[in-house]
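# Summary of structural features
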Amino acid sequence: MLFRSNQKTIRWWEEPGALDKLYSIVSNATDIHMTGGEPMMIPEVVDILNSVKKDVKITFNTNMTKFNDKIFNALSTINSVEIYASLEGAGSHNDYIRYGSSWDVIDQAIKKIKTYKNIKLVVIPVLQHTSIYALPDLIKYTEDNLVNLQFNEVYP
């Protein structure tokens, strides 16, 4: 079953009944894929994660900037978690391309994720003119830190 919000606001979780409907769906789901924007910015993401069955397969597309201990604790109880990190650079290149993000925060989240056996991490850069020069540093980072790297989309 697919759940997509038809709300006219980007803050769909504030719409009356939206979270109740979501909880009723995810509590019986076997496979959940959360995308965004940034799914970790939803204030109720920890409650959502705590309401799923522990044998669910859950995947996230994320920019890696919003992880915290509550999210990690919730993820640690789920058997199969896949995190697809949308990163276009490493270090200062990332902070330039994704203005407002902090590579130090991302690096800490990646290192913490690697300590969990139930979480698979894959870095998936979006290749475009703004990220092509940052790609060598990102490739080196993923190699040095033994993080999977996968290429999907190429934009002109």
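So, here's what we can say about the structure. (Residues numbered from 1 in each chain as written. Predicted model: local features only at pLDDT ≥ 70, side-chain atom pairs only at ≥ 80, totals over all residues. Heavy atoms only, no water.)

## Description of the packing of aromatic side chains
Throughout the structure, instances matching the rule amount to three aromatic pairs. Plain terms: the ring middles of Phe72 and Tyr116 are 5.7 Å apart, the flat faces sit at 5° to each other, and that makes the pair stacked. With a gap of 44 residues between them, Phe72 in helix 3 (residues 69–75) and Tyr116 in the loop between helix 5 (103–113) and strand 4 (119–123) connect regions that are remote in the sequence. With relative accessibility at 4%, the residue Phe72 sits in the buried group. Tyr116 gets classed as buried once you look at its relative accessible area, which sits at 18%. The interplanar angle of 85° and the centroid separation of 4.9 Å between the aromatic rings of Trp103 and Tyr141 together place this pair among those described as edge-to-face. Separated by 38 residues along the polypeptide, Trp103 in helix 5 and Tyr141 in helix 6 (residues 135–144) bring together distant segments of the chain. Note on Tyr141: relative accessible area 11%, which makes it buried. Chaining the aromatic ring pairs together yields one cluster made of Phe67, Phe72 and Tyr116. (Phe/Tyr/Trp six-rings, centres within 6.5 Å; stacked < 30°, edge-to-face > 60°. Helix = DSSP H or I, 4+ residues; strand = E, 2+ residues; numbered from the N terminus. Buried < 20%, exposed > 50% of the residue type's maximum accessible area, 1.4 Å probe, protein only.)

## Examining helix 6
Those residues of helix 6 that fall on the buried side of the exposure criterion are Leu135, Leu138, Tyr141 and Thr142. One side of helix 6 holds all its buried residues, which, seen down the axis, span an arc of 125°. Along helix 6, the residues that are exposed and aim more than 90 degrees away from the buried face are Pro136, Glu143 and Asp144. At the C-terminal side of helix 6, Leu146 shows a positive phi close to 55°. (Arc of directions from axis to C-beta.)

## Brief notes about the pairing of strand 2 (residues 57–62)
Judged from the four bridges that link them, strand 1 (residues 31–34) and strand 2 form a sheet pairing that is parallel. Its bridge partner lying in strand 2, Ile32 is registered against Ile58. Note that the unit made of strand 1, helix 2 (residues 45–50) and strand 2 has a crossover that is right-handed. The pairing of strand 2 with strand 3 (residues 80–85) spans six bridges and is classified as parallel. Following the sheet pairing, Thr59 is matched in strand 3 by Glu82. At this point the chain moves from strand 2, through helix 3, to the parallel strand 3, and the crossover so formed is right-handed. (Pairing = 2+ DSSP bridges. Right-handed = clockwise from strand over helix to strand, strands pointing away.)

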